[in-house]
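Now for the letters of each chain:
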Protein chains: 4
Amino acid sequence: MALTVEKTSSGREYKVKDMSLADFGRLELELAEVEMPGLMSCRTEFGPSQPFKGARITGSLHMTIQTAVLIETLTALGAEVRWCSCNIFSTQDHAAAAIARDSAAVFAWKGETLQEYWWCTERALDWGPGGGPDLIVDDGGDATLLIHEGVKAEEEFEKTGKVPDPTSTDNPEFQIVLSIIKEGLQVDPKKYHKMKDRLVGVSEETTTGVKRLYQMQANGTLLFPAINVNDSVTKSKFDNLYGCRHSLPDGLMRATDVMIAGKVAVVCGYGDVGKGCAAAMKQAGARVIVTEIDPICALQATMEGLQVRTLEDVVSEADIFVTTTGNKDIIMVSDMRKMKNNAIVCNIGHFDNEIDMLGLETYPGVKRITIKPQTDRWVFPETNTGIIILAEGRLMNLGCATGHPSFVMSCSFTNQVIAQLELWKEKSSGKYGKEVYVLPKHLDEKVAALHLEKLGAKLTKLSKDQADYISVPVEGPYKPAHYRY
Amino acid sequence: MALTVEKTSSGREYKVKDMSLADFGRLELELAEVEMPGLMSCRTEFGPSQPFKGARITGSLHMTIQTAVLIETLTALGAEVRWCSCNIFSTQDHAAAAIARDSAAVFAWKGETLQEYWWCTERALDWGPGGGPDLIVDDGGDATLLIHEGVKAEEEFEKTGKVPDPTSTDNPEFQIVLSIIKEGLQVDPKKYHKMKDRLVGVSEETTTGVKRLYQMQANGTLLFPAINVNDSVTKSKFDNLYGCRHSLPDGLMRATDVMIAGKVAVVCGYGDVGKGCAAAMKQAGARVIVTEIDPICALQATMEGLQVRTLEDVVSEADIFVTTTGNKDIIMVSDMRKMKNNAIVCNIGHFDNEIDMLGLETYPGVKRITIKPQTDRWVFPETNTGIIILAEGRLMNLGCATGHPSFVMSCSFTNQVIAQLELWKEKSSGKYGKEVYVLPKHLDEKVAALHLEKLGAKLTKLSKDQADYISVPVEGPYKPAHYRY
Amino acid sequence: MALTVEKTSSGREYKVKDMSLADFGRLELELAEVEMPGLMSCRTEFGPSQPFKGARITGSLHMTIQTAVLIETLTALGAEVRWCSCNIFSTQDHAAAAIARDSAAVFAWKGETLQEYWWCTERALDWGPGGGPDLIVDDGGDATLLIHEGVKAEEEFEKTGKVPDPTSTDNPEFQIVLSIIKEGLQVDPKKYHKMKDRLVGVSEETTTGVKRLYQMQANGTLLFPAINVNDSVTKSKFDNLYGCRHSLPDGLMRATDVMIAGKVAVVCGYGDVGKGCAAAMKQAGARVIVTEIDPICALQATMEGLQVRTLEDVVSEADIFVTTTGNKDIIMVSDMRKMKNNAIVCNIGHFDNEIDMLGLETYPGVKRITIKPQTDRWVFPETNTGIIILAEGRLMNLGCATGHPSFVMSCSFTNQVIAQLELWKEKSSGKYGKEVYVLPKHLDEKVAALHLEKLGAKLTKLSKDQADYISVPVEGPYKPAHYRY
Amino acid sequence: MALTVEKTSSGREYKVKDMSLADFGRLELELAEVEMPGLMSCRTEFGPSQPFKGARITGSLHMTIQTAVLIETLTALGAEVRWCSCNIFSTQDHAAAAIARDSAAVFAWKGETLQEYWWCTERALDWGPGGGPDLIVDDGGDATLLIHEGVKAEEEFEKTGKVPDPTSTDNPEFQIVLSIIKEGLQVDPKKYHKMKDRLVGVSEETTTGVKRLYQMQANGTLLFPAINVNDSVTKSKFDNLYGCRHSLPDGLMRATDVMIAGKVAVVCGYGDVGKGCAAAMKQAGARVIVTEIDPICALQATMEGLQVRTLEDVVSEADIFVTTTGNKDIIMVSDMRKMKNNAIVCNIGHFDNEIDMLGLETYPGVKRITIKPQTDRWVFPETNTGIIILAEGRLMNLGCATGHPSFVMSCSFTNQVIAQLELWKEKSSGKYGKEVYVLPKHLDEKVAALHLEKLGAKLTKLSKDQADYISVPVEGPYKPAHYRY
């Protein structure tokens, strides 16, 4: 990669689209701060004691305005930070510029190639000769993956002298990962071991990343402690649900300006993300059809008046298709061919493999017409009708709009700050082993409490007598661990 | 108690309001069967093998039409059944009559006194000289409580010769319990021990009963295995939520005919029951205010556009008050005095102590005007304005309407059948100790699946490849234990 | 008819089900008064001046608690009143008893035969030798019809000596009407002429009655002035819409206890009544399908996310069918035969001929099983499956529940009082000819204003400057006549 | 004005922002065509006969993608077209470029000054020496106003020799109008008379313009026939209601990215636009408070569970303020000073004078910080807190987003095409005088019908018997003129 790292006048590294956007980014950052009471409370509560003094934090998480407020919360608490995005389309360039100029090393821009993406990830992890970061904030697990694959390759190399072979895989993205590791090996055959050795732990943001972590825990291959932030109630039941309820129509509107009312929308998957999406479409006046594999979630959908069908039953009558499953191969090119002209197909769930982008791209004679960035019409040769794909099958709310709004991200990111604080505080105590942990309920409740005042909400206080009656402490936590909210 | 047990021509015992209602009950039972596919599937799947052959089951659970379908499912699977209601107002007399005539021993009628209530409970547990039931289906835990208190008293009596003293407590209901145990002691000082010894286990229906069970488990006083049916997803996220969304407006309408649109409704508590109630009131056109102690639930309420305030802030501006907390002392007589004329106060959560009925009844000079059964206007002497109390503070959906509809109860009760089958099948295997268990997720998913076809829902099937990708079996279960739905 | 008119101790005539229900009726009447601020304001504003002094008012309108408050408002303003119901199932017997005992001559009970129904109508119109009423409050137009048909028959008789021949029509209800007129002719061949001559005018409550009036106006056969109350905004956009949104689920729940969530509901017609019904079903968690003939209303339905289909397309997949059209032959027996077992079929729109009750009743081999009054299961011989018909095809909200709640009826009935006042005040001025009139907009706005305070609503006041800017008076009316709300 | 008109290679005049956007505009235009079935049907039905052959049409209506499809429908039917926007921020530059290049003379760009705006209007009306247009498509009535003011000034000049004096008014925008007319007078003292003489009529799009027309009709000053398109049901009950329901959140999200859920939104006015806005905010999870002057609309709001308060009661607790009134002086600077920090204030109703922009701009010491175009933060010096004003107080959905989506605009614009066709067809018949007309109901129904198929809706057909029963023709129209939908 012939990319050049730039430096600020103070010597901090960065690579962003356009540093002149920093002022605009700063203005939006200031607006966002008002909407992120949880993060601002962390600055007030913890700022004075500088708990992250001496800590190096690497983040791999959508480089948006909201993330910028997270980063500046981490630095306000004493951390040094390097950051990259976890999605090629999700960076907001003005946010990246403001942070690069003012606060942290940033390697991110909207519209990276996959090669650029992994270059940025590698830059964010590279803290120079002394090894990598002390802590990682991860989203989707790519930073964690790179270290794990790196360590694996180094071990193989040490044993057998073999270097990773990018041609050994069909997956083009994994080819890039192997190339990067291979290059690293040639420079320093202990590079990823040094990282692993220094690393105190990772806090992971999202379902997909958490799933990878639990698999590594199950396989015994997890190299360091991990906190599962996704499954904090104040994350998965807020960000995933209410965030998507907000950002799905936002993305649809910005990308296509299409009227949602009167349309038939198919939401594939009825988990937290799917629930938010279905609610949004229903409220906007669409008729919503859900596809599900899980009978419990399917039954929930019916109780909300939604029809539960298979994709093939409805593929030719719907106008909008949204994948939210966290699985792959949800909408195949054979499905797309049967859709109405200008049906909109998008993904808000997981990787771009929820939609069969490869199948579409390689369909004989297919024509791609880019309406505007992240909005493409793909025309099939047989019918001369087309479908509209958003964000090339990647997260459409981040690709076509600005992702989740500040307030709900404040919930998620306050969990991140608390998780990072916990990992750092316990770095030498042995409290956390090479396993996946969730935050205790009282911290989850605290995150919620920090967000109520902004909304004018006022809590009722339990009397001691009432608390005893239901066997909880007056100050909480109020629910058993298995409570579902 | 001078109550007389009656007998059918076949010699089965019963005590119901009016046996001539049996035909009407049977007609409604037949309608309900069509709406309860889970129970009917159990009959089809398990009926031929008669798994409950030889099992005696005592139930203490609202004696409604839906429960009647449950009872006849148990008997269709080979059980002998005795039944009482778990609430003085919740019996549907035609349901009780149909079951008493055709299927099981029933001791229940709408409008029992507290003394009659406990007499019924004791009758339902009394299977004659050979001890009590093999299995209990409990709702709220009163049958379980009676046995535990009975065993405790018998132990005390054996040690010290002391019999329970009803005057030792202020709680009028507990006085009755102690009296019953005292009478039992005089007849057979090992009566409850025999019950305990025979008992294989209990399956508990609701939050309040489950809470008692976990407390006994924590204290080490639980005497037999218990299955927590309440926390099956297909119970608590359906019955509690969608059941109450249906039955709250139903109860309000039947009791008061009041227009809900335009009114201000205060929902105390935003758990599953509160969520259902708030949704129902909002949808009917009321403005909804929520009170909460738990910041997470409070934040959920705000995300749905509901105002979160304390009761005292809004007590004088609201029209309808609903308690859903599972706690006590939620609406006190001092609150009621500040309410608007004809404000409606009701409870759908738990016992009548959510509302300070004692305070109201003993308020100096207060006047009670019964509009119709379960609908009382209480007039305060100072202002000559009144409030309307439904079902004397007890569950208003069962007291003023007919409780939850068949379909959602089919979910709950299919869990009950499965729990009872499990306890009975494992009665000698030692699988279950004196602890509280929840059903495994694949059974929960099965319950949901049994209810989808009736609604015309069609599930998507995972491919093997997809299942591997997300690391679940093709046939489920599809979610980790901590998943919140 | 061998029915006997009874008399109160004060000599007022009545015929009700059970006079002992009067106390209960009075209690509910007192509750209703609190919910009917418009009517109570009329008592306060007009009571002292006794504007109806000397006026005889006959009402033919559902004899419910709400109507009772209307009647006592009319009497509080000085009128003498005789009343009957306009539907065989819609009387609330306790309301009828309270009014009969305390306030007016009532001829109404729940469950009249058609013959009894018309006998009651005739009684309500019969004020003795001096002719009929001065004013009529009509709902559906039956009282108006009887007079018009009576006058027509008397003219024919005078000209030709012919008396009406009940066998000249197939319509069994019209046969009864002709019989009554025939009997009347034999007693007094000028009976209906005398009524017509005395009559100042009618105020008509509902769509169906209004349609008849406009037809008579168009034909030149209208015999006296009529005020169309139905098309006051505060009537048709409130009672029809929000009233039905409340009372459709109420009727369904009381009649069948069926869970609405998850079901497919077909709403035939998407006028004001249909809009209210569709909203209610959607909010309760049903999937709603609308049938419509009018493309504008159909397009409105689509904008709310509702599917618009023909009945035949969906007849075999839906669970609940509601007719709201004001037309006839909407659901035929040939449709009913294709429905799912226990599909619910009901009418909330107009006469029982929206549903092909005649076709059903005369279907060869069909079996009717009455679950409870107004809830019948009809079983087809070929399939042995059945459908459930509510209220014998008549208005299910009045037949199976208690009709619309007090608050919304207060809007409608305040329009009635104002219309009656207007007709009476102008009885000699010649202001009103033999035409159909609507109330002026400032009175419509007044009705609304009278209902706002009860709901805690607070209006903004226009400044003079603002009023001039939009060319309206500061005090209203605020909208042009064609405004649609 | 030193603006230069440019010319295409074919000699057609234009002035747009950037002609290189034409390709992008064309792509979006093609997408919009699929969403505008009414307009495309007009092309199919009327295109072959070229009914507008020889007609010159001037339009003054937001120059968006949707308007572009309207323009090309007019040209497809044979018209020659000149166009300007009716709002300084509402032009979509790519739409303007595509039309300028391919189809019509366009004078419009996003972000005109007021002077530029009126220059554009004047250009669009100037068809050269032979007088002005034959027909006008107007939105808000500015083109109509210019001609009326021009004619008035020319008459005054002819009588008295006086030319308009821009300094005679305080209103800066009217000063510009007078200047333009003054300049015109100096060139041709009969310029506007010639326009008036040629003009066949105008079709007006919106409430504000219609109000002006009715005032002129009332004053006897209307110079030519006008068709009120706004009050077609398929316009005001769709575009105003469902259009705003879509575009209000769209504008809020694009301008501020703020989370709507949990916020308090004040909607000033509850007409069609306000109803759409309130629905959108409620559905997105905000708590909605309505302000109203009209008691009927206020009562409608309460029936939907919305609180009705005055602005002053809630000004300091709300987060989002939206004006929808069509009146002026709704939110004054004295209100803004009391708002929470970063409260959002915007207008979707009418002119920027709904919000006291003048008061804000001239507030001593106030500081304006432009976050991005059309999103300004105004900071008050006393508190150092600020509010966020969207689109400088002008229509925020057009200023901050892309206006209403194509589908709903297709309803509105199909009415426009039909109105223009009607005026043109009857240009010599004398059918239309100098009055304001609405389209007949069967055309309104036709517009709706043209939009149903796209949504998969299927109408039920009346039988002849049914049609007779309700006294309408089988093929419609189905409702009386006063029907409110």
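Only a predicted model underlies this, so the values are computations on that prediction, with no experimental measurement involved.

*Asks:* Explain the relation of the copies chain A and chain B here, please?
*Replies:* Note: a rotation about an axis with an accompanying shift along it relates these two copies of the chain. Its rotation angle being 180 degrees, the transformation that places chain A on chain B also includes 0.0 Å of axial translation and leaves an RMSD of 0.1 Å. Accordingly, the operation relating the two chain copies is best matched by a two-fold axis. Considering only C-alpha atoms, the residue of chain A closest to the rotation axis is Arg484(A), which sits at 2.2 Å. With an isologous cut-off of 70% or more, the 100% of interface residues of chain A that recur at the interface of chain B puts this contact in the isologous class.

*Asks:* Explain the packing of aromatic side chains to me, please; I cannot follow it from the model alone.
*Replies:* For any pair of aromatic rings, geometry is given as the distance between the ring centres together with the angle between the planes. For the coordinates displayed, the defined rule picks out 26 aromatic pairs over all chains. Aromatic side chains Tyr483(B) and Tyr485(B) sit 4.8 Å apart centroid to centroid with 85 degrees between the ring planes, which places their arrangement in the edge-to-face category. Here Tyr483(B) matches Tyr485(B) in class, with each residue buried. Residues Tyr363(D) and Phe380(D) carry aromatic rings whose centres are separated by 5.2 Å and whose planes lie at 85 degrees to one another, so their mutual orientation is edge-to-face. Placement of the pair is Tyr363(D) in the loop between helix 16 (357-361) and strand 14 (367-372) and Phe380(D) in the loop between strand 15 (375-379) and strand 16 (386-390), with a sequence separation of 17 residues. For the pair shown, Tyr363(D) and Phe380(D) are each scored as buried. Joined through ring pairs, the aromatic side chains of Phe107(B), Trp109(B) and Trp119(B) make up one cluster. Against the face of Trp127(A) rests Arg82(A), its NZ or CZ located 5.8 Å from the ring centre.

*Asks:* For this particular structure, what's the right way to read the relation of the copies chain D and chain A?
*Replies:* Note on the identical chains: chain D maps onto chain A by a rotation of 180 degrees and an axial translation of 0.0 Å, with an RMSD of 0.0 Å. Interface residue correspondence from chain D to chain A reaches 100%, placing this contact among same-surface, isologous pairings.

*Asks:* How should I be thinking about the pattern of salt bridges in this particular structure?
*Replies:* Where charged atoms of side chains with opposite charge meet at close range, the side chains can pair. All names here are of chain B. The tally for this structure, following the rule as stated, stands at 148 salt bridges over all chains. Residues Glu13 and Arg82 are paired through a salt bridge, measuring 2.6 Å at the closest nitrogen-oxygen approach. Here Glu13, found in strand 2 (residues 13-15), pairs with Arg82, found in strand 4 (residues 80-84); they are 69 residues apart in sequence, far enough to count as distant. Classification of Glu13 by relative accessible area gives partly exposed; the value is 22%. Residue classification places Arg82 among the buried positions, given a relative accessible area of 9%. One salt bridge in this structure joins Asp250 and Arg254, with 2.8 Å as the shortest N-O distance.

*Asks:* Can you walk me through the interface of chain A and chain B in this structure?
*Replies:* A common way to report how large an interface is uses the accessible area buried once the components associate. Listed as interface residues are 67 residues of chain A and, on the opposing side, 67 residues of chain B. Carbon and sulfur atoms make up 58% of the surface buried where chain A meets chain B, a total of about 6,200 Å² over both sides. Seen at the junction of chain A and chain B, the total is eight salt bridges. Secondary structure elements with two or more residues in the side of chain A that touches chain B: helix 9 (207-219), helix 10 (233-256), helix 11 (272-283), helix 12 (295-303), helix 17 (406-425), helix 18 (441-452) and helix 19 (464-469) of chain A. Sort the elements by how many residues they give to the side of chain A that touches chain B and helix 12 of chain A lands first, with eight residues.

*Asks:* How should the nonpolar core be read in this particular structure?
*Replies:* Grouped burial of nonpolar side chains is what soluble globular proteins tend to show. One finds Leu252(C), Phe52(D) and Met63(D) to be the most contacted residues of the largest nonpolar core, which totals 130 residues. In terms of residue count, helix 18 (residues 406-425) of chain D provides more of this core than any other element does, eleven residues in total. Once residues within four sequence positions are removed from consideration, Leu252(C) is found in contact with Asp257(C), Val258(C), Ile260(C), Met281(C), Ile320(C), Ile344(C), Cys346(C), Leu390(C) and Met396(C).

*Asks:* What exactly am I supposed to notice about the domain arrangement of chain A here?
*Replies:* The domain boundaries assigned to chain A delineate domain 1 (6-234 + 404-443) and domain 2 (259-349 + 352-393). Computed from C-alpha atoms alone, the centre-to-centre distance between domain 1 of chain A and domain 2 of chain A is 31 Å.

*Asks:* What should I look at first to understand the environment of Leu299(A) in this one?
*Replies:* Within the fold, Leu299(A) resides in helix 12. Sequence-wise, Leu299(A) and Tyr270(A) are 29 residues apart; in three dimensions their C-alpha atoms are separated by 9.9 Å. When neighbours within four sequence positions are excluded, Leu299(A) is seen to be in contact with Phe238(B), Phe407(B), Cys411(B), Ala448(B), His451(B), Leu452(B) and Leu455(B).

*Asks:* Explain helix 1 (residues 22-35) of chain B here, please?
*Replies:* Residues lying three or four places apart along an α-helix face the same way, a consequence of the helix completing one turn every 3.6 residues. Between its first and last C-alpha, helix 1 of chain B extends 20 Å over 14 residues, near the 20 Å set by a 1.5 Å rise per residue. For helix 1 of chain B, the full list of buried residues reads Ala22(B), Gly25(B), Arg26(B), Glu28(B), Leu29(B), Leu31(B), Ala32(B), Glu33(B) and Glu35(B).

*Asks:* I tried to follow the UniProt feature "binding site: substrate" (unreviewed entry) in chain A on my own but got confused; where do I start?
*Replies:* Residues and elements named next belong to chain A. This chain's UniProt record puts "binding site: substrate" (unreviewed entry) on Thr64, Asp139, Glu205, Lys235 and Asp239. In this structure, Thr64 sits in the loop between strand 3 (56-60) and helix 3 (65-76). Among all residues touching Thr64, those that are not within four sequence positions of it are Ser90, Gln92, Ala95 and Leu398. Inspection of the secondary structure assignment puts Asp139 in the loop between strand 6 (135-138) and helix 6 (142-160). Once residues lying within four places of it in the same chain are set aside, the contact partners of Asp139 are Ser60, Leu61, His62, Cys86, Glu204, Glu205 and Thr206.

*Asks:* In this structure, what is going on with unusual backbone geometry? I would like to understand it.
*Replies:* Negative phi is the rule for most residues except glycine; trans is the rule for most peptide bonds. Residues and elements named next belong to chain A. In the segment running from Gly476 into Pro477, the intervening peptide bond is cis, with an omega of -5 degrees. Relative to the helices and strands, Pro477 is located in the segment after helix 19. Even without glycine at this site, Glu392 takes up a positive phi of about 55 degrees. Along the chain, the position of Glu392 falls in the loop between strand 16 (386-390) and helix 16 (396-399). Residue Glu392 is classed as partly exposed on the basis of its relative accessible area, which comes to 28%.

*Asks:* Would you mind going over the interface of chain D and chain A with me for this structure?
*Replies:* Each partner contributes residues to the interface: chain D has 38 residues there, and chain A has 38 residues. Summing the contributions of chain D and of chain A, the shared interface buries around 3,400 Å²; its carbon and sulfur component is 59%. Where chain D touches chain A, the interface holds six salt bridges. Here chain D is connected to chain A by eleven residue pairs in polar contact (both at pLDDT 80 or more). For the side of chain D that touches chain A, the secondary-structure elements that each account for two or more residues are helix 1 (22-35), helix 11 (239-256), strand 14 and helix 18 of chain D. The residue inventory of the side of chain D that touches chain A, partitioned by class, reads 18 nonpolar, nine polar and eleven charged.

*Asks:* Quick question: what am I supposed to make of the side chain of Ser412(D) here?
*Replies:* All names here are of chain D. Position of Ser412 relative to the elements: it lies in helix 18. In terms of polar contacts, Ser412 uses its side chain to reach the side chain of Asp239, at 2.6 Å. Apart from residues no more than four positions distant in its own chain, Ser412 is found in contact with Glu205, Val229, Thr234, Lys235 and Asp239.

*Asks:* What am I meant to see in the state of the cysteines here?
*Replies:* Each disulfide is one covalent bond, formed between the sulfur atoms of two cysteines. Within this structure, the stated rule accounts for zero disulfides over all chains. With no disulfide of its own, Cys268(A) lies closest to Cys346(A) among cysteine sulfurs, the gap being 9.8 Å. The exposure class assigned to Cys268(A) is buried, which follows from its relative accessible area of 0%. Unpaired in this structure, Cys244(C) has its nearest cysteine sulfur neighbour in Cys277(C), at a distance of 4.9 Å.

*Asks:* Please clarify how the sheet that holds strand 4 (residues 80-84) of chain D should be interpreted in this entry.
*Replies:* Sheet strands line up and pair through hydrogen bonds in the backbone, either parallel or antiparallel. All names here are of chain D. The sheet built from nine strands is open, its strands ordered 1-2-5-4-3-6-7-8-17 with mixed pairing. At either margin of the open sheet sits one strand with a lone partner, and together these are strand 1 (6-7) and strand 17 (436-437). Strands strand 3 (56-60), strand 6 (135-138) and strand 7 (201-204) of the sheet are contacted by helix 6 (residues 142-160), whose axis makes an angle of about 125 degrees with strand 6.

*Asks:* Quick question: what am I supposed to make of the side chain of Ser406(C) here?
*Replies:* Tracing the sequence through the fold places Ser406(C) in helix 17 (residues 406-425). Contacts of Ser406(C), omitting those with residues within four sequence positions, involve Asp257(B), Ala32(C), Glu35(C), Met36(C) and Gln66(C).

*Asks:* How should I be thinking about helix 11 (residues 272-283) of chain B in this particular structure?
*Replies:* All names here are of chain B. Across its twelve residues, helix 11 extends 17 Å between first and last C-alpha, which sits within 8% of the 16 Å expected from 1.5 Å per residue. Within helix 11, nine of the twelve residues are buried, leaving the element largely enclosed by the surrounding structure. Of the positions making up helix 11, those classed as buried are Asp272, Val273, Gly274, Lys275, Gly276, Cys277, Ala278, Ala280 and Met281. Count one or two residues on from helix 11 and you reach Gly285, which has phi positive near 95 degrees.

*Asks:* Can you walk me through the pairing of strand 3 (residues 56-60) of chain C in this structure?
*Replies:* Strand residues, when the strand is regular, have side chains that alternate between the two faces of the sheet. Residues and elements named next belong to chain C. The buried fraction of strand 3 amounts to five of the five residues, a majority that puts the element mostly inside the structure. The two faces of strand 3 match: Arg56, Thr58 and Ser60 on one face and Ile57 and Gly59 on the other face are all buried. Pairing geometry for strand 3 and strand 4 (residues 80-84), over five bridges, is parallel. Paired with Thr58 across the bridge in strand 4 is Arg82. After leaving strand 3, the chain enters helix 3 (residues 65-76) and then returns to the sheet as strand 4, a path that is right-handed.

Reading guide: rules and limits
- Along every chain, residues carry numbers that run from 1 in the direction the sequence is written.
- Key to labels: chains lettered from A, ligands numbered from 1, both in the order written.
- Under the rules for a predicted model, residues below a pLDDT of 70 receive no local features and side-chain atom pairs below 80 are neither given nor counted, while totals for whole chains, interfaces and linings still include all residues.
- Think of the side-chain values as coming from all heavy atoms in the structure, minus any hydrogens and water.
- Fitting of the copies onto one another was done by least squares over C-alpha atoms, counting residues only where both copies have pLDDT of at least 70.
- Here a residue-residue contact requires only that any non-hydrogen atoms of the pair lie within 4.5 Å.
- Stacked, tilted and edge-to-face are the three classes applied to pairs of Phe, Tyr and Trp rings, where Trp contributes its six-membered ring and a pair requires centres within 6.5 Å; stacked means planes under 30 degrees apart, edge-to-face means over 60, and tilted covers the rest.
- Summary of the burial criterion: residues with accessible area below 20% of their type's maximum are buried, those above 50% are exposed, and those between are partly exposed, where the area comes from a 1.4 Å probe applied to protein chains only.
- Segments assigned H or I by DSSP are reported as helices when at least four residues long, segments assigned E as strands when at least two residues long, and all are numbered from the N terminus.
- A ring is considered to have a charge above it if a Lys NZ or an Arg CZ atom is located within 6 Å of its centre and within 35 degrees of its normal.
- Each salt bridge in this description consists of a side-chain nitrogen of Lys or Arg and a carboxyl oxygen of Asp or Glu lying within 4 Å of one another.
- The buried area of a pairing is the accessible area, by a 1.4 Å probe, that goes missing from both parts when the two are put together, added over both.
- In these notes, a set of buried Ala, Val, Leu, Ile, Met, Phe, Trp, Tyr and Cys residues joined through side-chain atoms within 4.5 Å is what counts as a nonpolar core.
- Reported domain spans reflect what an automatic or database domain assignment gives.
- To estimate the expected span of a helix, count its residues, drop one, and scale the result by 1.5 Å.
- UniProt positions are given in the numbering used here, feature names are shortened, and annotations may be inferred rather than shown by experiment.
- Polar contacts, as counted here, are pairs of nitrogen or oxygen atoms within 3.5 Å of one another; within protein the pair requires one atom able to donate a hydrogen and one able to accept it, and residues that are adjacent in sequence qualify only if both atoms are side-chain atoms.
- Residues are sorted three ways: Asp, Glu, Lys and Arg are charged, Ala, Val, Leu, Ile, Met, Phe, Trp, Tyr, Cys and Pro are nonpolar, and all the rest, Gly among them, are polar.
- The disulfide definition used here is simple: a pair of cysteine sulfur atoms within 2.5 Å.
- By this definition, two strands are paired if DSSP reports at least two bridges between them.
- As a rule, the C-alpha atoms of each element are fitted with a line to give its axis, helices using only the stretch in contact, and angles between N-to-C directions run from 0 to 180 degrees.
- Note on handedness: a clockwise path from strand one over the helix to strand two, with the strands aimed away from the viewer, defines a right-handed crossover.

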